[in-house]
Amino acid sequence: MITAPQLKAARALLGIDQRQLAAMAGVSLPTIQRMEASDGTVRGVIGTLTRVIEALEAAGVELIGNGQPSVGQGRGVRLKAPPEA
């Protein structure tokens, strides 16, 4: 699954706006807007989510799940685990 912050970060890494991502994925602009407005994990129709993820991956973004290693090469950004209290 993908989170709203991951979706926004992926767009930022590609330097594209919501309209461009919608066109790349073959979905509507309001769909991308709703996905990015989600709280936490993006919810929606599985086929639509799949198209968005596939469009990001085809453009060169590696989406990394929580606790998963990165298998790609090149530069990237990842959140650190929060410090123990």
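Worth saying up front: this structure is predicted, and the values here are computed from it rather than measured.

(A) Focus on the pattern of salt bridges. This model, assessed by the stated rule, comprises one salt bridge. Among the ionic pairs, Glu36 bridges to Arg11, the shortest N-O distance being 2.5 Å. Residue Glu36 is located in helix H3 (residues 29-37), and its partner Arg11 is located in helix H1 (residues 4-14); the two are separated by 25 residues in the primary sequence.

(B) Examining the packing of helix H2 (residues 18-25) against helix H4 (residues 46-58) more closely. At their nearest, the axes of H2 and H4 sit 8 Å apart, and the two run at 105° to each other. As far as their axial angle goes, H4 and H2 are roughly perpendicular. Here Leu21, Met24 and Ala25 of H2 come into contact with H4, specifically with Arg51, Val52, Ala55 and Leu56. Tallied by class, the residues present in the contact of H2 with H4 amount to six nonpolar, no polar and one charged.

(C) A look at the nonpolar core. Within the largest apolar cluster, 17 residues are counted, with the highest numbers of intra-cluster contacts made by Leu7, Leu21, Ile32, Met35, Val52 and Leu56. Elements represented by at least two residues in this core include exactly H1, H2, H3 and H4. A total of four residues in this core trace back to one element, the largest contributor, which is H4. Beyond its immediate chain neighbours, meaning those up to four positions away, Val52 contacts Leu7, Leu21, Ala25, Val27, Ile32 and Met35.

About the cut-offs
Position labels on residues start from 1 in each chain and follow its written sequence. Only residues with pLDDT of at least 70 get local features here, since the model is predicted, and only at 80 or more are side-chain atom pairs given and counted; chain-wide, interface and lining totals rely on the full set of residues. Calculation of side-chain values draws on the structure's entire complement of heavy atoms; hydrogens and water are dropped beforehand. Only one rule defines a salt bridge in this text: a Lys or Arg side-chain nitrogen within 4 Å of an Asp or Glu carboxyl oxygen. Secondary structure elements follow DSSP: runs of H or I no shorter than four residues count as helices, runs of E no shorter than two count as strands, and numbering proceeds from the N terminus. Each axis is a line fitted through C-alpha atoms, taken for helices only over the stretch in contact, and angles between the N-to-C directions span 0 to 180 degrees. Angle categories: roughly parallel below 35 degrees, roughly antiparallel above 145, roughly perpendicular from 65 to 115, and oblique for all the rest. Any two residues whose heavy atoms approach within 4.5 Å are treated as being in contact. When residue character is reported, Ala, Val, Leu, Ile, Met, Phe, Trp, Tyr, Cys and Pro are called nonpolar, Asp, Glu, Lys and Arg charged, and the others, Gly included, polar. Nonpolar cores are built from buried Ala, Val, Leu, Ile, Met, Phe, Trp, Tyr and Cys residues. Side-chain atoms within 4.5 Å join them into one set. Remark: exposure states derive from per-residue accessible area (1.4 Å probe, protein chains only) relative to the maximum for the residue type, with buried under 20%, exposed over 50%, and partly exposed in between.

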